[in-house]
Amino acid sequence: MAEQSGPLAGKVAVVMGVANQWSIGYAIAESLANAGAKLAITYRAERSLRDATKLVELVPGSKAFQCDVDSDDDIDKLGDDLKAEYGVVDTLVHSIAFAPPAELRGRFIETTREGFITAHAVSVYSLIAAAQRISPLMTNGGSIMTLSYLGADRVFPQYNVMGVAKAALESTVRYLAADLGDARIRVNALSAGPIKTKSARGIPGFSTMKDAAADKSPIKGELTAKQVADVAAFLASDAASGITGETIIIDNGFHVLGI
Ligand code: NAP
């Protein structure tokens, strides 16, 4: 087990959204643990418990919790369990998104009411719901972060309703930052370039997005989850005490290009 030393020693970090070892949330949890944080990992499905347990074993006192963000009862229970287990929480990482697969095929104009609502409930409202339960535990101030994508601002083929949800997510970050600033809780988004994960494989245009980014970005080559995770560790630390309401883009510079 890693010794608890480093800039996050003595801090508790909740990481929501670890499906497996390829998840961006997994890499973020590793970075936070390497910086000394105790982890609370949440996963939705039983199949993810094995990889969540690997993370829990990194730092003494870490634990895994099941939480489906579709369920208010699950989020209530998570808040109660975190309070009982840790008392105080310092960092919340929200690394969760979902849209029904049919919405990521075909044209955006064909988006259904149900698909729109599901994408926004799971990918956006869940951040608000988690902040409601977990920010009261951040009695020493804290850092909340979520994961976004450039599809919030630009049109990428077949990213469709997920792009609209990411735009709502980035706006949510600004509203939460305004609400929680008095409690010295910072709220930010990390906008990551394409990284091969389970969710990414469900986006039909993903390979095109990933290959274009790797070939054209000012810094060539594929972005890694660790590059994103290291920025998450910085945002969790006191070194980022002046940053809130921000979307930080980590994409090897792809977003600065015109053509
Ligand atoms: P991932 O490993 O599949 O992670 C997505 C997570 O969301 C999974 O753990 C999934 O759990 C969870 N989730 C979905 N519905 C849920 C629900 N109802 N309750 C609780 N958890 C739920 O893929 P990822 O790429 O790391 O995605 C993490 C975040 O990064 C997402 O917000 C994604 O949009 C964002 N992002 C990804 C990329 C990329 O290229 N990969 C780029 C920019 C931003 P289950 O698998 O059990 O459903």
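Worth saying up front: this structure is predicted, and the values here are computed from it rather than measured. (Residues numbered from 1 in each chain as written. Predicted model: local features only at pLDDT ≥ 70, side-chain atom pairs only at ≥ 80, totals over all residues. Heavy atoms only, no water.)

Our focus in this paragraph is the pairing of strand E3 (residues 63-66). Inspection of the sheet shows strand E2 (residues 38-43) paired to E3 by 4 bridges, in the parallel sense. Across the sheet, the residue bridging to Tyr 43 is Gln 66, located in E3. With helix H2 (residues 49-56) bridging E2 and the parallel E3, this β-α-β connection has right-handed handedness. (Pairing = 2+ DSSP bridges. Helix = DSSP H or I, 4+ residues; strand = E, 2+ residues; numbered from the N terminus. Right-handed = clockwise from strand over helix to strand, strands pointing away.)

A word on the site of the ligand. The environment of the ligand is formed by 30 residues, the closest being Ser 23, Arg 44, Ile 195, Thr 197 and Ser 199. At 2.8 Å from an oxygen atom of the ligand is found a side-chain nitrogen or oxygen belonging to Lys 166. Isolated, the ligand exposes 870 Å² of accessible area, and the fraction of that covered by the protein chains is 93%. Those elements that place two or more of their residues in the shell around the ligand are strand E5 (142-148) and helix H6 (198-201). Examining the composition of the shell around the ligand, we find that 3 residues originate from one element, H6, more than from any other. Residues of the shell around the ligand, tallied by class, amount to 17 nonpolar, 7 polar and 6 charged. (Near = heavy atom within 4 Å. Polar contact = N/O pair within 3.5 Å; in protein donor to acceptor, adjacent residues only side chain to side chain. Areas by Shrake-Rupley, 256 points an atom, 1.4 Å probe, with all protein chains shown as cover. Nonpolar A, V, L, I, M, F, W, Y, C, P; charged D, E, K, R; others polar.)

Before going further, it helps to spend a moment on a nonpolar patch on the surface. Residues Phe 108, Phe 116, Ile 117 and Val 164 make up a contiguous nonpolar surface patch of about 340 Å² in total accessible area. When you line up the elements, Phe 108 lands in the loop between strand E4 (91-94) and helix H4 (113-134). Judged by relative accessible area, Phe 108 falls into the partly exposed class, the value being 41%. (Patch = residues over 30% accessible without salt bridge, like charges linked within 9 Å, V, L, I, M, F, W, Y side chains within 5 Å. Salt bridge = Lys/Arg side-chain N within 4 Å of Asp/Glu carboxyl O. Buried < 20%, exposed > 50% of the residue type's maximum accessible area, 1.4 Å probe, protein only.)

So, about the packing of aromatic side chains. Under the defined criterion, the tally for this structure stands at 3 aromatic pairs. On the numbers, 5.2 Å between centres and 45° between planes, the contact of Tyr 149 with Phe 156 is tilted. Classification of Phe 156 by relative accessible area gives buried; the value is 14%. Grouping aromatic residues by their ring pairs yields a cluster made of Tyr 149, Phe 156 and Tyr 159. (Phe/Tyr/Trp six-rings, centres within 6.5 Å; stacked < 30°, edge-to-face > 60°.)

Right, let's get into the sheet that holds E5. Neighbouring strands of a sheet are bound in pairs by backbone hydrogen bonds; such pairs are parallel or else antiparallel. Pairing is parallel in the open sheet, where 7 strands are placed in the order E3-E2-E1-E4-E5-E6-E7. Edge strands, defined here as strands with exactly one partner in the open sheet, are E3 and strand E7 (247-250). Each strand of the sheet is rotated relative to its neighbour by a mean of 20°, with strand direction disregarded. Pairing between strand E1 (residues 12-16) and E2: 5 bridges, direction parallel. Among the inter-strand pairings, Val 12 is bridged to a residue of E2, identified as Lys 38. Where H4 meets the sheet, it contacts E1, E4 and E5, and its direction lies at approximately 165° from that of E4. (Axes fitted to C-alpha atoms, helices over the stretch in contact; angles between N-to-C directions. Contact = heavy atoms within 4.5 Å.)

This brings us to H4. With 22 residues, H4 extends 30 Å from end C-alpha to end C-alpha; this agrees with the ideal 32 Å at 1.5 Å per step. Approximately 45° is the largest bend angle found in H4, and it occurs at Tyr 125. (Expected span 1.5 Å × (residues − 1). Bend = angle between axes of the 7 residues up to and from the residue.)

Turning to the pattern of salt bridges, a few remarks are in order. What the rule picks out here adds up to 10 salt bridges. Between Lys 11 and Asp 238 there is a salt bridge, with its nearest N and O atoms 3.8 Å apart. Taken together, the residues span a long stretch of sequence, with Lys 11 in the segment before E1 and Asp 238 in the loop between helix H8 (225-236) and E7 at a distance of 227 residues. Taking relative accessible area as the criterion, Asp 238 reaches 57% and is therefore assigned exposed. A salt bridge links Glu 85 to Lys 63; its shortest N-O distance comes to 3.3 Å. Taken together, the positions of Glu 85 in helix H3 (residues 72-86) and Lys 63 in strand E3 put the pair 22 residues apart, joining distant regions of the chain. Take Glu 85: its relative accessible area is 39%, and that puts it in the partly exposed class. Salt bridges here are not isolated pairs; linked through shared partners, they connect Arg 50, Asp 51 and Lys 54.

Of note, the phi angle at Gln 158 is positive, near 70°, even though the residue is not glycine. Relative accessible area serves as the criterion here: at 26%, Gln 158 is assigned to the partly exposed category. With a phi close to 55°, Arg 184 is a non-glycine residue in the positive phi region. By secondary structure assignment, the location of Arg 184 is in the loop between helix H5 (160-180) and strand E6 (185-192).

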